[in-house]
Amino acid sequence: MKHKLISIALVVLLLIGGAARIAPAQSLAPHVETSREKANRLATDAARRGEDLRHQWKLDAAEAAFREAIALDATNLTAQLGLARIARTRFDYQSALRMLDKTIRSNPRAADVLNEYGAIYTAAEETARAREYFDRALQLDPSNLSASSGRAAVDLLLRDYPSAETRVRVLLTRAPDNSRAHGLLARVLIENNNTREATIA
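Quantities reported herein were computed from a predicted structural model and do not represent experimental measurements. (Residues numbered from 1 in each chain as written. Predicted model: local features only at pLDDT ≥ 70, side-chain atom pairs only at ≥ 80, totals over all residues. Heavy atoms only, no water.)

Enquirer: Run through the pattern of salt bridges, naming residues and quoting values.
Expert: Using the criterion set out here, one finds 13 salt bridges in the structure. Here aspartate 155 ties to arginine 167 by a salt bridge, and the two come within 2.7 Å at their closest N and O atoms. Highlighted residues: aspartate 155 in helix 8 (residues 145-157) and arginine 167 in helix 9 (residues 161-174), separated in sequence by twelve residues. The class for aspartate 155 is buried, based on a relative accessible area of 3%. Among the ionic contacts, a cluster of salt bridges with common partners joins Asp60, Glu63, Arg67 and Arg90. (Salt bridge = Lys/Arg side-chain N within 4 Å of Asp/Glu carboxyl O. Helix = DSSP H or I, 4+ residues; strand = E, 2+ residues; numbered from the N terminus. Buried < 20%, exposed > 50% of the residue type's maximum accessible area, 1.4 Å probe, protein only.)

See the structure below:
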């Protein structure tokens, strides 16, 4: 009986050991990257490079990187927005809007896309349309900092100083280091003849 129990135990151990040897071999099988996955990865890398270049004001190089990303993945949102922002920076609002019109078809509820519409219309001083897009972005994402500062900028253009100041101060309670918000607050205070407080905004 004792020998029988030992034999059973050995069989169980061999089975466990065999399973342990098989399982790692299966789990360690390398993932073969598909051509689509590779294209998406390269597109993401190119779009990130484009954003870095855009922040350095190397707009031609940034545009090339964004176009490289879109050639690899036509739906890359970072690259689409990057091209729209470069066009806006160059005051080519029509090109920026055409890019966004394509982008929003596949991203109808993306607050960043709505924000960029708002930014373009703010730059063009079309305040009613800018306000509409920022409000829509805030409906989707009430905590969106870009939409909040954009909406305050619209109030500033409309010379609604109390509303602009309120929005900016609320924004600064959530993001005390937001440089755009500090700049907006200074402008609001200066235009509202509060130059003393503007110097410390």
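Enquirer: Mind laying out helix 9, listing which residues take part and the relevant values?
Expert: Here helix 9 spans 20 Å end to end across 14 residues, near enough to the 20 Å set by a 1.5 Å rise per residue. Inspection of helix 9 places Tyr161, Ala164, Val168, Leu171 and Leu172 among the buried residues, and these make up the whole buried set. When helix 9 is viewed along its axis, its buried side chains cluster within an angular range of 100 degrees and face the same direction. Facing away from the buried side of helix 9 by over 90 degrees, the exposed positions are Pro162 and Thr173. Summarising the contacts, the buried residues of helix 9 are in contact with helix 8 and helix 10 (179-191). (Expected span 1.5 Å × (residues − 1). Arc of directions from axis to C-beta. Contact = heavy atoms within 4.5 Å.)

Enquirer: Describe the packing of helix 2 (residues 35-55) against helix 4 (residues 77-89), naming the residues involved and giving the relevant values.
Expert: One way to put it is that helix 2 packs onto helix 4 with a least axis distance of 9 Å and a crossing angle of 25 degrees. If you check the angle between helix 2 and helix 4, you find them roughly parallel. In this structure, helix 2 meets helix 4 at a crossing whose hand is left-handed. When helix 2 is examined against helix 4, the residues Ala47, Glu51 and Arg54 are found in contact with a partner set consisting of Thr78, Ala79, Gly82, Arg85 and Ile86. In the contact of helix 2 with helix 4, the residues fall into three nonpolar, two polar and three charged. (Axes fitted to C-alpha atoms, helices over the stretch in contact; angles between N-to-C directions. Parallel < 35°, antiparallel > 145°, perpendicular 65-115°, else oblique. Left-handed = near helix turned anticlockwise from the far one by under 90°. Nonpolar A, V, L, I, M, F, W, Y, C, P; charged D, E, K, R; others polar.)

Enquirer: Tell me about the confidence of the model for the protein, and please be specific about residues and values.
Expert: Looking at the protein, the pLDDT average stands at 86 and 82% of residues meet or exceed 70. Scored below 50 in pLDDT, residues 2-6 makes zero contacts in the model with residues more than four places away or belonging to other chains. Low confidence marks residues 8-22, where pLDDT is under 50. Its contacts with residues over four positions away, or in another chain, come to one contact. (pLDDT = per-residue confidence, 0-100.)

Enquirer: Summarise the nonpolar core; cite the residues concerned and give the values.
Expert: Core analysis: the biggest nonpolar cluster contains 35 residues, and Phe66, Ala69, Leu100, Val113, Tyr117, Ile120 and Tyr121 have the highest contact counts within it. Among the secondary structure elements, those contributing two or more residues to this core are helix 2, helix 3 (59-72), helix 4, helix 5 (93-106), helix 6 (111-123), helix 7 (127-140) and helix 8. Counting 13 residues, the second largest nonpolar core, distinct from the first, contains Tyr161, Ala164, Leu185 and Val188. (Core = buried A, V, L, I, M, F, W, Y, C linked by side-chain atoms within 4.5 Å.)

Enquirer: Run through the packing of aromatic side chains, naming residues and quoting values.
Expert: For any pair of aromatic rings, geometry is given as the distance between the ring centres together with the angle between the planes. Across all of its chains, the model carries three aromatic pairs by this definition. Ring geometry for phenylalanine 91 and tyrosine 93: centres 6.4 Å apart, planes at 80 degrees, overall edge-to-face. A residue is classified by how much of its surface remains accessible, and tyrosine 93, at 19% relative accessible area, is buried. Taking the centre distance of 4.6 Å and the plane angle of 10 degrees together, the rings of tyrosine 117 and tyrosine 133 count as stacked. Of the two residues, tyrosine 117 is situated in helix 6 and tyrosine 133 in helix 7; the sequence distance between them amounts to 16 residues. Here the two residues tyrosine 117 and tyrosine 133 agree in accessibility, since each one is buried. Of the aromatic side chains, those joined through ring pairs into one cluster are Tyr117, Tyr121 and Tyr133. (Phe/Tyr/Trp six-rings, centres within 6.5 Å; stacked < 30°, edge-to-face > 60°.)

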